[in-house]
Every structure is written in C-alpha cells, then in structure tokens.
Amino acid sequence: MVAAFIGYTFIFSQKTVYNIPQQTSKTKIESVISVTGFDMSVINIFQKFSKKNQFIDELMVFISKNSFFKGGLLLIVFWWLWFPPNHQDTSKRRVKIILGLLSGFFAIFIGRVLVLCMPFRVRPINNPDLHLMLPYGTDNIGLDKLSSFPSDHAVLFYAIATSIFLIARKAGIVAFIYTLVFITFSRVYLGFHYATDVIVGALIGISVSYFIFNNKFAQKIGEKIQSLSIRKSQFFYPAFFIISFELANLFEDMRASITFITHNS
C-alpha cells in the first residue's frame, strides 16, 4: 500500500504535456501527462526493437496470452515443493507453501482493489499521445478497460516468486528471473503497462508475501490448513488444484463466470 501511494504520488505529479509528432524510427517521445521520464526512457528503448523481428514480437504476444507460461509454471513449483525427495519432514515446508498460496490470493485481491480505486491511468497501448509503433500481433489484442496502474500481473507473480524464495532460495531466484523475463518484461514491451506499473506492482507483491510469511496469525491459519490437508485430504487436494489453477490465470475464468451470471440474472 505504501509503495502504491508513493508510486501514485510520483507518477500523477507529472503534469506537463507535450505535442508529440507521429512516432518514427528517428523520433523520440519526450513526455506525456502522467508518464514519468523513466517510463519514457523505457518506451523509447523498446520502440527501437518494435516490429524489427516478427518472431520475437509474436513470441511476446504468445507468452502474454498463455496462462501456462505466465503463471502455470510458477504454480507447478509449489506442487513440486509439496512432495520433497527422500521422505523429508514436510510439515514446516507445507505450511510455508500454504502461506505462499494465501500470499498470492491476498496479493491479487489488493492489486485489483488498487486498480479499481486509484486514479485511472490509461495503458500505453491505448494512449494516443504516445503514437506507439506496436509490435506485430498486438493490434487486435483484447485488453480489459481497467487502469494500467499498478500491474496486477506484477503484484501476483512477484508475490508468488517471493513465496517460493522464502521456501527454497535457489528455486526462488529462478522464479524471480522467470517472472522478470517471461511475465513482466513482455507486458511492458507490448505496451500493456508502463515500467513504473510493474515496479510498483512488484514491490506490493513482495511486501504482501513477506508480511504473510512473518505474521503469526497467518502462520496459525497455515498450520490449521496443513492439519486439514492430512485429515481431509479428499477435500484439500481438489481445493489446492483449483486455487493453483485460478492463481495461474489471475482468476480469469472465475471473473468471466461472475460476469456471465451477473449479466444474465
């Protein structure tokens, strides 16, 4: 929350508006309202590579649209850590894994609340002042109409990466690198988010996980759920699977179901 407030104060204090000509290979974007100089620098760097290689552009689009590559692989790590080799003691590790799932759940909830409650920030891809040269394959991508700030992808998946790091350090380092390269980088490259959207989202996600893992009340909840997983495994594992699946795709299916029911009730 503190990171979101500081980011909001800094980003939305940028009030200068420039009349920007149509973007060309030799034109640099200087400044746009509510877009920081840092954001502009990142945009200008990425614009140098946009539409230079169709395979790379379409690979970024594929990754951004594929829930398995975005979140599925990270959630598989939780299942892998749930069953350690050599019959090691699993109780403490499993409590941490449960805390990791709780962290992801609360992170996406907080991220979505901030997106809905904080002042609207138009996505770069929808900002006509930027005159972006869009990468191949992004022209017809359907995005929600929500604010760009903060990135809920960054909030969720950095929370998950942090949880993995707090459970198994080496796996966590790989998770952070994967989240940076395969999840958040593509969203900035394609113009779905500004760099500051991702940075603030990452700070929120990391903070949520760290707080959950060091909170005594959350620890007790994790221990009770872990005990339930032993006594009522027939209920726990289906729930474990459903939560993992929904976290992997940011509860997209659940949100779509709620929208369908709401519109047809």
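Residues numbered from 1 in each chain as written. Predicted model: local features only at pLDDT ≥ 70, side-chain atom pairs only at ≥ 80, totals over all residues. Heavy atoms only, no water.

### Regarding the overall build of the protein
Here is the rule: Under the scheme used here, helices are H or I runs from DSSP no shorter than 4 residues and strands are E runs no shorter than 2 residues, and both carry numbers assigned from the N terminus. Only protein chains enter the area calculation, which uses a 1.4 Å probe; residues under 20% of their type maximum are buried, those over 50% are exposed, and those in between are partly exposed. Contacts are residue-level and defined by heavy atoms, with any inter-residue pair within 4.5 Å sufficient.
The number of helices and strands found in the protein is 11 helices and 0 strands. In the protein, which comprises 265 residues, the proportion classed as buried is 47%. Counting contacts in the protein only where the partners sit at least 6 residues apart, residues at least 24 apart contribute 77% of the total.

### Remarks on the packing of helix α5 (residues 91-117) against helix α10 (residues 233-248)
For clarity, the threshold we go by: Only the contacting stretch of a helix is used when fitting its axis, a line to C-alpha atoms as for every element, and angles between N-to-C directions run 0 to 180 degrees. Roughly parallel means an angle under 35 degrees; roughly antiparallel, over 145; roughly perpendicular, 65 to 115; everything else is oblique. Crossings are classed by handedness, with left-handed meaning an anticlockwise turn of the near helix from the far one by less than a right angle and right-handed meaning a clockwise turn. Charged residues are taken to be Asp, Glu, Lys and Arg, nonpolar residues to be Ala, Val, Leu, Ile, Met, Phe, Trp, Tyr, Cys and Pro, and polar residues to be all remaining types, Gly included.
α10 packs onto α5 with a crossing angle of 45 degrees between their chain directions and a minimal axis gap of 10 Å. Taken as axis vectors, α5 and α10 run oblique relative to one another. Crossing of α5 against α10: the hand is left-handed. From α5, Arg94, Ile97, Leu101, Gly104 and Phe105 reach across to α10, where they touch Tyr237, Phe240, Ser244 and Leu247. Taken together, the residues that form the contact of α5 with α10 break down as 6 nonpolar, 2 polar and 1 charged.

### Observations regarding the nonpolar core
Our working definition: Here, nonpolar core refers to any group of buried Ala, Val, Leu, Ile, Met, Phe, Trp, Tyr and Cys residues whose side-chain atoms link them within 4.5 Å.
Judged by nonpolar contacts, the single largest core of 40 residues is most densely connected at Leu74, Phe78 and Ile160. Residue assignment for this core shows that the elements contributing at least two residues are α4 (67-82), α5, α6 (152-167), α7 (169-189), α8 (195-213) and α10. Element by element, the count of residues in this core is highest for α5, at 9 residues. In this structure Phe78 touches Ile97, Gly100, Leu101, Ile160, Ser163, Ile164 and Ile167, once residues within four positions along its chain are discounted.

### Side note on the pattern of salt bridges
Pairing between side chains of opposite charge can happen when the charged atoms of each approach one another. The cut-off we apply is this: Definition used for salt bridges: Asp or Glu carboxyl oxygen within 4 Å of a side-chain nitrogen of Lys or Arg.
Enumeration according to the criterion identifies 3 salt bridges in this entry. The partner of Arg121 in a salt bridge is Asp39, with the nearest N and O atoms 2.9 Å apart. Separated by 82 residues along the polypeptide, Arg121 in the loop between α5 and α6 and Asp39 in helix α2 (residues 37-47) bring together distant segments of the chain. Using a relative accessible area of 1% as the deciding quantity, one classes Asp39 as buried. A salt bridge links Asp152 to Arg112; its shortest N-O distance comes to 2.5 Å. Here Asp152 is found in helix α6, whereas its partner Arg112 is found in helix α5, with 40 residues between them in sequence. Accessibility assignment for this pair places Asp152 and Arg112 in one class, buried. Overlapping salt bridges bring together Asp39, Arg121 and Asp197 as one network.

### A few points about a nonpolar patch on the surface
Rule in force here: Patches in this entry comprise residues that are over 30% relatively accessible and not in a salt bridge; like charges within 9 Å are linked, as are nonpolar side chains (Val, Leu, Ile, Met, Phe, Trp, Tyr) within 5 Å. Surface accessibility follows the Shrake-Rupley procedure with a 1.4 Å probe radius. Residue values consider only the protein chains on display as shielding.
A surface patch of nonpolar side chains, about 730 Å² in accessible area, is lined by Phe55, Ile56, Leu59, Phe62, Phe68, Phe69, Leu73 and Ile76. For the nonpolar patch, the secondary structure elements donating two or more residues are α3 (54-65) and α4. Examined against the element boundaries, Phe68 turns out to sit in helix α4. Taking the relative accessible area as the measure of exposure, Phe68 reaches 42% and is therefore partly exposed.

### A few points about the packing of aromatic side chains
So the rule is basically this: By convention, a stacked pair of Phe, Tyr or Trp rings (six-membered ring in the case of Trp) has centres within 6.5 Å and planes under 30 degrees apart, an edge-to-face pair has planes over 60 apart, and any other such pair is tilted.
Counting across every chain of the model gives 16 aromatic pairs. Ring geometry for Phe46 against Phe185: centres 5.2 Å apart, planes inclined by 70 degrees, an arrangement best described as edge-to-face. Here Phe185 lies in helix α7 and Phe46 lies in helix α2, a separation of 139 residues in the sequence. Classification of Phe185 by relative accessible area gives partly exposed; the value is 33%. Plain terms: the ring middles of Trp82 and Phe240 are 5.1 Å apart, the flat faces sit at 55 degrees to each other, and that makes the pair tilted. Of this pair, Trp82 sits in helix α4 while Phe240 sits in helix α10, placing them 158 residues apart in sequence. The class for Phe240 is buried, based on a relative accessible area of 2%.

### Brief notes about unusual backbone geometry
In this structure, the amide linkage connecting Phe149 to the following residue, Pro150, adopts the cis form with an omega of -10 degrees. On the secondary structure map, Pro150 appears in the loop between α5 and α6. Phi is positive for Lys51, which is not a glycine, with a value near 60 degrees. Positionally, Lys51 belongs in the loop between α2 and α3. The class for Lys51 is partly exposed, based on a relative accessible area of 34%.

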